[in-house]
Amino acid sequence: MTDPVLETLLLPLENGTFDLPDAPQRILFLRARMGKDLGLLDKSRLDLVQSFAPDREALAAGGYEAQPECGGEGYSLVLLLPPRQKQEARALIAEAFRRVAPGGRVVLCAANTEGAKAFESDVEALAGALEGKQSKAKCRVVWAIRDDARLNASLQAEWAEGDAPRPILDGRFVSRPGLFAWDHVDAATELLVRTLPVGLSGIGADLGAGFGVLTAGVLARCPKVAALDLYEAEKRALDLARQNLAAEAAPRHLQFFWADVTKGLGRPHDFIVMNPPFHQATKADRTDVGHAFIRAAAKGLKPGGNLWMVANRHLPYEGVINEVFAEMTIVADEGGFKVIHARKARGK
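Scoring rules and cut-offs
- Residues numbered from 1 in each chain as written.
- Predicted model: local features only at pLDDT ≥ 70, side-chain atom pairs only at ≥ 80, totals over all residues.
- Heavy atoms only, no water.
- Salt bridge = Lys/Arg side-chain N within 4 Å of Asp/Glu carboxyl O.
- Helix = DSSP H or I, 4+ residues; strand = E, 2+ residues; numbered from the N terminus.
- Buried < 20%, exposed > 50% of the residue type's maximum accessible area, 1.4 Å probe, protein only.
- Pairing = 2+ DSSP bridges.
- Contact = heavy atoms within 4.5 Å.
- Axes fitted to C-alpha atoms, helices over the stretch in contact; angles between N-to-C directions.
- Core = buried A, V, L, I, M, F, W, Y, C linked by side-chain atoms within 4.5 Å.
- Disulfide = S-S within 2.5 Å.
- Expected span 1.5 Å × (residues − 1).

Further remarks concern the pattern of salt bridges. A full pass over the atoms with the stated rule returns 28 salt bridges. Close ionic contact of lysine 136 with glutamate 7 constitutes a salt bridge, the shortest N to O distance being 2.6 Å. Residue lysine 136 is located in strand β6 (residues 132-136), and its partner glutamate 7 is located in helix α1 (residues 4-9); the two are separated by 129 residues in the primary sequence. Among the residues examined, lysine 136 registers a relative accessible area of 29% and is labelled partly exposed. Given the relative accessible area of 18%, glutamate 7 is considered buried. Several salt bridges share partner residues, and in doing so they unite Arg31, Glu88, Asp163, Arg176 and Arg236 into one network.

Here it is in structure tokens:
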């Protein structure tokens, strides 16, 4: 499967617009993704950073090791695939110019439909000038040199702080831009929590736990729950979930897993709750992601175990639920969302 954004990111190197830094100078790739075009870069000189577990695991399968955070500076070249969310993306642009050495180059690429033009303006505003730009496959790559005489240091500091964790909801949670529903409790999660039976008990799991809102709701509403395993693909969210739920843990046991839940759960559960993601790298609905969560939940439940999930009303999840569960009921339909209760067969 081709990745047009990654392909376009490396276009200036492939067509000789500029050359790689001379060895042994190191290269940093923020929000790195796996793809055949990654082979254009010398693996021995690469430092890859990726906090999203599926992308990190794809890199590992391709023979690349990625870290969730970057600790180094003085890179000759920094590559960046920015996320959609503006504050998070700007913080990464600011980080790229902090990590690159004076005279080094920052290269950024995004799809035209995912803010490429705005990112071009951001790089130009921060760096003082662009060195160049190119387009391919409805994507745009831009690059600039770090020149401290032109670098807008105050803007860089402002953007770096824009992504910092901060208290929300009167201090109940700490969150940060770029996470799902980062500054509020989304209506779907709120509906699921108040629909859950108060007698829910045993060992449960929260799939796609985010920064801990759904787990907090389960613990507050269901006193018989003995333990919860939180699975979250984005480490930036999971680290905050640990912080947000520290006071709720005792006497109930919480475990935190930075993992792609579609690859399987660590132990069988009495129940699973989830508000599965229906977007990934783009704004388009991705029902395949929700389907994969449902199948993972079915495999991760004990015989007779229960799934409680919420989803947008229009998303067609009922078919796959009926494939892998013995029973299914829509127990709430409100505000454009539906809460589904499914029970696994007792003999499986």
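Quick look at the sheet that holds strand β3 (residues 66-67) now. Adjacent strands of a sheet pair through backbone hydrogen bonds, lying either parallel or antiparallel. With mixed pairing, the 7 strands of this open sheet are ordered in space as β3-β2-β1-β4-β5-β7-β6. The open sheet terminates on both sides in strands that have one partner only, identified here as β3 and β6. One ladder, built from 5 bridges, connects β6 with strand β7 (residues 139-145); its direction is antiparallel. Bridge pairing in β7 places glutamine 134 opposite valine 141. Helix α4 (residues 86-99) rests against β1 (27-30), β4 (75-80), β5 (100-111) and β7 of the sheet, and its axis sits at about 150° to β5.

A few words on the nonpolar core. Counting residues in each nonpolar core, the largest one holds 36 residues, and the members touching the most others are Leu196, Val218, Leu228 and Leu230. For this core, the element with the highest residue contribution is helix α8 (residues 213-221), accounting for 5 residues. Look past the residues within four positions of valine 218 in its chain and what remains in contact with it is Leu196, Val225, Leu228, Phe271 and Val273. Ranked by size, the runner-up nonpolar core spans 27 residues in total, among them Tyr75, Ala110, Leu151 and Leu155.

The tally for this structure, following the rule as stated, stands at 0 disulfides. Not engaged in a disulfide, the cysteine cysteine 139 finds its nearest cysteine sulfur in cysteine 109; these two sulfurs lie 5.2 Å apart.

When the terminal C-alpha atoms of α4 are compared, their 20 Å separation across 14 residues agrees well with the 20 Å that a helix rising 1.5 Å per residue should span. Among the 14 residues of α4, 10 are classified as buried, and the element is accordingly described as predominantly covered. Of the residues making up α4, those classed as buried are Glu88, Ala89, Ala91, Leu92, Ile93, Ala94, Glu95, Ala96, Phe97 and Arg99.

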